[in-house]
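Chains, contacts and geometry: an overview
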Amino acid sequence: MSKTAPLYLRLPSDLKDQVDLVADASEASLTHVVAGLVEVGLRNTDVEIERLKGRIVELEGQLDDVRADRDGLASELAQLREEMSRGRAVIETVSQRLRLQVGDCPSCGLPVNGEQVFIAGACSEGHNLQVELFAQPSAPSFRQKELVAALAVVGIALGVAFMVAKD
Ligand SMILES: [Zn+2]
């Protein structure tokens, strides 16, 4: 044993009895037994400290992963928000354009808009506009320019719907 130093201590009596038993059984001095037990206890404490340090490193790694995931999700969310707001702007434009007058109903002469021509397919009186439109490609009651613009808008709307459906 290396150099010694005194240590006076009081133990709970049942613990003292156990130390006595170990000392008797191993025919060693009380000092020797207590020193051995303290040494084992300290070694276990070191092992436990090392284990906890390892666990801390592990948890820090997991925290970094979680932070990276969070940052990734935040940027995906920002991108989705941007796409949604672009989509909303397109939808707003499309619905505005579709409300513009593109001509007059060939049957009753009431003004008709893009929505009535391309979506409802009828004027407000219920006359079928598509039959009229496709039966006479150059129907004089429809303004070609407005019609083409409204048709382009419908095409954009379909494109947007397609892109949204694709995601
Ligand atoms: Zn009509």
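On a predicted model such as this, the values are computed, not experimentally measured, just so you know. The numbers attached to residues start from 1 for each chain and follow its sequence in the written order. Selection of residues for local features in this predicted model requires a pLDDT of at least 70, selection of side-chain atom pairs for listing and counting requires 80 or more, and totals for whole chains, interfaces and linings are taken over all residues.

What follows covers the confidence of the model for the chain. Residue-level pLDDT values for the chain average 85, and 87% of them are 70 or greater. Of all helices and strands in the chain, the one with the weakest mean pLDDT is helix H4 (residues 129-135) (63), whereas helix H2 (residues 30-98) scores best (92). Looking at any residue, its pLDDT shows the predictor's confidence there, from 0 to 100. Under the DSSP-based scheme used, a helix requires at least four consecutive residues in state H or I and a strand at least two consecutive residues in state E, with every element numbered from the N terminus.

For the rest of this paragraph, the subject is the nonpolar core. Take the buried Ala, Val, Leu, Ile, Met, Phe, Trp, Tyr and Cys residues, join any whose C-beta atoms are within 7 Å, and the set you get is a nonpolar core. Counting other C-beta atoms within 10 Å of its own, a residue is labelled buried from 20 upward, exposed at 12 or fewer, and partly exposed in the gap between, with every C-beta atom placed from the backbone. Membership of the largest hydrophobic core is limited to 10 residues, which are Val94, Val102, Cys105, Val112, Val117, Phe118, Cys123, Leu129, Ala150 and Val153. Secondary-structure elements contributing two or more residues to this core are helix H3 (114-120) and helix H5 (144-166). This entry defines residue contacts through backbone-placed C-beta atoms, with two residues in contact when those atoms are within 7 Å. Sequence-distant contacts of Cys123, that is, excluding residues within four places in its chain, are made with Cys105, Cys108, Leu110, Val112, Gln116 and Leu129.

A word on the environment of Thr31. Here Thr31 lies in helix H2. Thr31 gets classed as partly exposed once you count the C-beta atoms within 10 Å, which come to 13.

Where helix H1 (residues 13-26) meets H2, the closest approach of the two axes is 9 Å, and the angle between their N-to-C directions is 115°. Regarding the angle of H1 to H2, the classification is roughly perpendicular. For the element pair H1 and H2, the recorded crossing hand is right-handed. Along the contact surface, H1 presents Val19, Val22, Ala23 and Ser26, while H2 presents Leu30, Val33 and Val34. Counted by class, the contact of H1 with H2 contains six nonpolar, one polar and no charged residues. Axis definition: a line fit to C-alpha positions, over the contact stretch in the case of helices; interaxial angles, taken between N-to-C directions, run 0 to 180 degrees. Roughly parallel here means an angle under 35 degrees, roughly antiparallel means over 145, roughly perpendicular means 65 to 115, and every remaining angle is called oblique. Take the far helix as the reference: if the near one is turned anticlockwise from it by less than a right angle, the crossing is left-handed, and if turned clockwise, right-handed. In the scheme used here, Gly and all other residues not listed as nonpolar or charged are polar, with Ala, Val, Leu, Ile, Met, Phe, Trp, Tyr, Cys and Pro taken as nonpolar and Asp, Glu, Lys and Arg as charged.

Turning our eyes to something else, we now look at the environment of Gln144. By the secondary structure assignment, Gln144 is in helix H5. Expressed as a C-alpha distance, the spacing of Gln144 and Gly103, which sit 41 residues apart in the sequence, is 8.7 Å.

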